[in-house]
Amino acid sequence: MSTPALPPEVLRAAVAQLAPVIPLLTELGTAFAKGGHELALVGGPVRDAFLSRTSGDLDFTTSAAPEESERILAAWGDATWDMGREFGTIGARRGDMVVEVTTYRADAYDGETRKPVVAFGDNLEDDLVRRDFTVNAMALRLPDLELVDPHGGLLDLAAGRLRTPSTPEVSFTDDPLRMMRAARFVSQLGLVPAPEVTAAMTEAAATLDIVSAERIRDELVKLVLGADPVAGLRLLVETGLADHMLPELPALRLEIDEHHRHKDVYEHSLTVLQQAIDLEGAADPGPDREDEHPVPGPDLVLRLAALLHDVGKPRTRRFEPGGGVSFHHHDVVGAKLTAKRMKALRFDKDTTKQVARLVELHLRFHGYRDGQWTDSAVRRYVTDAGPLLQRLHRLTRADCTTRNQRKAARLARAYDDLEERIERLLEQEELDAVRPELDGNEIGAVLGIPPGPEIGQAYRYLLQVRLDEGPIGKDAATDRLRAWWAERG
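Just so it is clear, the structure is predicted and the values come from calculations on it, not from any experiment.

Here is what the cut-offs are and how they apply
- Residues numbered from 1 in each chain as written.
- Predicted model: local features only at pLDDT ≥ 70, side-chain atom pairs only at ≥ 80, totals over all residues.
- Heavy atoms only, no water.
- Patch = residues over 30% accessible without salt bridge, like charges linked within 9 Å, V, L, I, M, F, W, Y side chains within 5 Å.
- Areas by Shrake-Rupley, 256 points an atom, 1.4 Å probe, with all protein chains shown as cover.
- Salt bridge = Lys/Arg side-chain N within 4 Å of Asp/Glu carboxyl O.
- Lys, Arg positive; Asp, Glu negative; His and termini not counted.
- Charge placed at Lys NZ, Arg CZ, Asp CG, Glu CD.
- Helix = DSSP H or I, 4+ residues; strand = E, 2+ residues; numbered from the N terminus.
- Buried < 20%, exposed > 50% of the residue type's maximum accessible area, 1.4 Å probe, protein only.
- Contact = heavy atoms within 4.5 Å.
- Expected span 1.5 Å × (residues − 1).
- 1 Å grid on protein atoms, 1.4 Å probe; cavity = no way out; pocket = protein on both sides within 12 Å on 5 of 7 lines; lining within 4 Å.
- Points joined across faces, edges and corners; volume = space filled by probe spheres on them.
- Nonpolar A, V, L, I, M, F, W, Y, C, P; charged D, E, K, R; others polar.
- Axes fitted to C-alpha atoms, helices over the stretch in contact; angles between N-to-C directions.
- Parallel < 35°, antiparallel > 145°, perpendicular 65-115°, else oblique.
- Left-handed = near helix turned anticlockwise from the far one by under 90°.
- Pairing = 2+ DSSP bridges.

**A word on a positive patch on the surface**
Residues Arg406, Lys407, Arg410 and Arg413 make up a contiguous surface patch of positive charge. Assignment of secondary structure puts Arg406 in helix α20 (residues 405-429). The exposed category is assigned to Arg406, whose relative accessible area is 71%.

In structure tokens, the structure reads:
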């Protein structure tokens, strides 16, 4: 397909979007041209310009060999570095501007190890055909800003359609991770895969197994943080890709019992995710209260916890006498499954710990009936949540998907009441930094013991007193400590 005729106003709009970097594009294009080489802005930055989006990356492709690119960039910039010379990529920086320039490529893969057989190409069109999708197979020749779009990417972009430059079977064989990128672009850009793309993804889903966990994780994160992650996740499940990288999600499609005593857990989880997203940002989840602790979006921890909060249900489902269904301890089981999956995907320890903790805590509120919790129970709720409290507020509210308006309103009122009690206690006791009223040194002085395990035991005892009774003052805490010590003999 040749580059279609482009209405002048469309190109003008894209150029206007690129206005802040036009001097750079012109300068680099001229520098490569003087060296006898072609240079083009390619991929995401071009796509985003036509979408009136700002791209954080500037990716270039060139006819120059890596050593020639390095020579030209060294004269242009403050520093250059080898991004992967064997793959033809050289990086450069001038001031705050960072660019990557890659020699035209014509790679092939062996289909087993994901190691490309690198072959440098000699023209832009052959380079573009090896790109993942037509919307990313567009380029602007520099310095003249001539659009090169041999595969109709601009038309696909206008139609909201996701196609591959070559056949999808060939494209996904070249790099199976492209199938996950398809789901990511559904989430980020609202594109809809063409039928042949979806069919090829379904057919080749198992080939995702040869892709590293780190690459899969990075694509999943981008998908989850996109504008519509629910749509992207549905595509992963419907094509079978999720079976190979997040099997806990399709496992939520439990067979509904004939009396419909439990809801569709898969659909419920996607709804909770969307409702949690709706509660991100500065808006307070409760009515008529100004939130001083917002959860700015997009928030990866909240979104993953919302998606995975019920993954323990398939393991814990029991059919009870009389036709009922139970999922006892699915919160605890789900937290363990969540941590295991996130570790397999090479998530960092802190993110894994936070998401698993929210999954473990997501049912805690349901023990709150008509405000019957003691102040001690409220303190425990806050202390157990720690810095995750604001996310827990939103996850708990998002977890209400009942169509029974009276029940939904009752749960909302109950959580309003709990949050108000928490705020009152926070004001009274600075509960978010709760600690015993005697520190380790003071405990040692009172009991006359040196630092060691017994100090820690005494500290935990006084923390328990603090949680159960609130502030009682140092004198009372000292008396309680001495009594506890005496009882220990």
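**A look at the environment of Ala408**
Mapped onto the elements, Ala408 comes out in helix α20. Along the chain, Ala408 and Arg397 lie 11 residues apart, while their C-alpha atoms are 9.7 Å from each other. Discounting chain neighbours no more than four positions away, the residues touching Ala408 are Cys400 and Thr402.

**Focus on helix α8 (residues 177-189)**
Think of an α-helix as 3.6 residues a turn; residues three or four steps apart then line up on the same face. Between its first and last C-alpha atoms α8 spans 18 Å; for 13 residues at 1.5 Å apiece the expected length is 18 Å, and the two agree. Extensive coverage of α8 is indicated by the burial of 12 of its 13 residues. Looking at α8, one finds that the buried residues are Leu177, Arg178, Met179, Met180, Arg181, Ala182, Ala183, Arg184, Phe185, Val186, Ser187 and Leu189. Gly190, located one to two residues past α8, shows a positive phi value of around 75°.

**Structural notes on empty space enclosed by the protein**
Counted according to the given criterion, the structure contains two cavities of 30 Å³ or more. Quantified by volume, the largest cavity comes out at close to 60 Å³. Where the lining of the largest cavity is concerned, the elements lending two or more residues are α10 (213-224), α14 (300-308) and α16 (330-344). The element that contributes the greatest number of residues to the lining of the largest cavity is α14, accounting for three residues. Classifying every residue of the lining of the largest cavity gives nine nonpolar, no polar and one charged. Empty space within the second largest cavity amounts to approximately 40 Å³. Around the second largest cavity, the lining residues are Pro436, Glu437, Leu462, Val465, Arg466, Ile472 and Ala477.

**Focus on the packing of helix α21 (residues 440-447) against helix α23 (residues 474-487)**
Relative to each other, α21 and α23 sit at 55°, their axes nearing to 10 Å. Taken together, the axis directions place α21 and α23 in an arrangement best described as oblique. Classified by chirality, the crossing of α23 by α21 is right-handed. Where α21 approaches α23, its residues Glu442, Ile443, Val446 and Leu447 are matched on the opposing element by Lys474, Thr478, Leu481, Arg482 and Trp485. Broken down by class, the residue content of the contact of α21 with α23 amounts to five nonpolar, one polar and three charged.

**Looking at a nonpolar patch on the surface**
A cluster of nonpolar side chains, contributed by Trp81, Met83 and Val98, occupies part of the molecular surface with about 250 Å² of accessible area. Assessed through its relative accessible area of 31%, Trp81 is described here as partly exposed.

**Description of the pattern of salt bridges**
Scanning all chains against the criterion turns up 34 salt bridges. Here Asp82 and Arg85 are joined by a salt bridge, their closest N and O atoms 3.2 Å apart. We classify Arg85 as partly exposed; its relative accessible area is 29%. Between Glu442 and Lys474 there is a salt bridge; the shortest N-O distance is 2.6 Å. Placement of Glu442 in helix α21 and of Lys474 in helix α23 is noted, with a sequence separation of 32 residues between them. With a relative accessible area of 27%, Glu442 lands in the partly exposed category. Residue class for Lys474 comes out partly exposed when judged on its relative accessible area of 45%.

**Quick look at the sheet that holds strand β1 (residues 39-42)**
The mixed open sheet is built from seven strands, whose spatial order is β3-β4-β5-β2-β1-β8-β9. Looking along the sheet, the strands with just one partner apiece sit at the ends: β3 (79-84) and β9 (146-148). Sheet twist, expressed as the average angle between the axes of neighbouring strands with direction ignored, equals 30°. Pairing between strand β4 (residues 89-94) and strand β5 (residues 97-103): six bridges, direction antiparallel. Along β5, the bridge assignment pairs Ile90 with Val101. The strands that helix α4 (residues 66-76) touches are β2 (59-62), β3, β4 and β5; relative to β4, the one it contacts most, it runs at about 0°.

**A short note on the layout of surface pockets**
Taken as a whole, the largest pocket spans an internal volume of roughly 1,800 Å³. Lining the largest pocket are 49 residues, with Asp57, Asp59, Glu100, Arg131 and Arg181 positioned closest to its centre. Of all the elements in the fold, those that place two or more residues in the lining of the largest pocket are α3 (44-50), β2, β3, β5, α8 and α10. Examining the composition of the lining of the largest pocket, we find that seven residues originate from one element, α8, more than from any other. When grouped by side-chain class, the residues that make up the lining of the largest pocket number 18 nonpolar, 12 polar and 19 charged.

Such coordinate-based values are descriptive only and should not be taken to indicate function.
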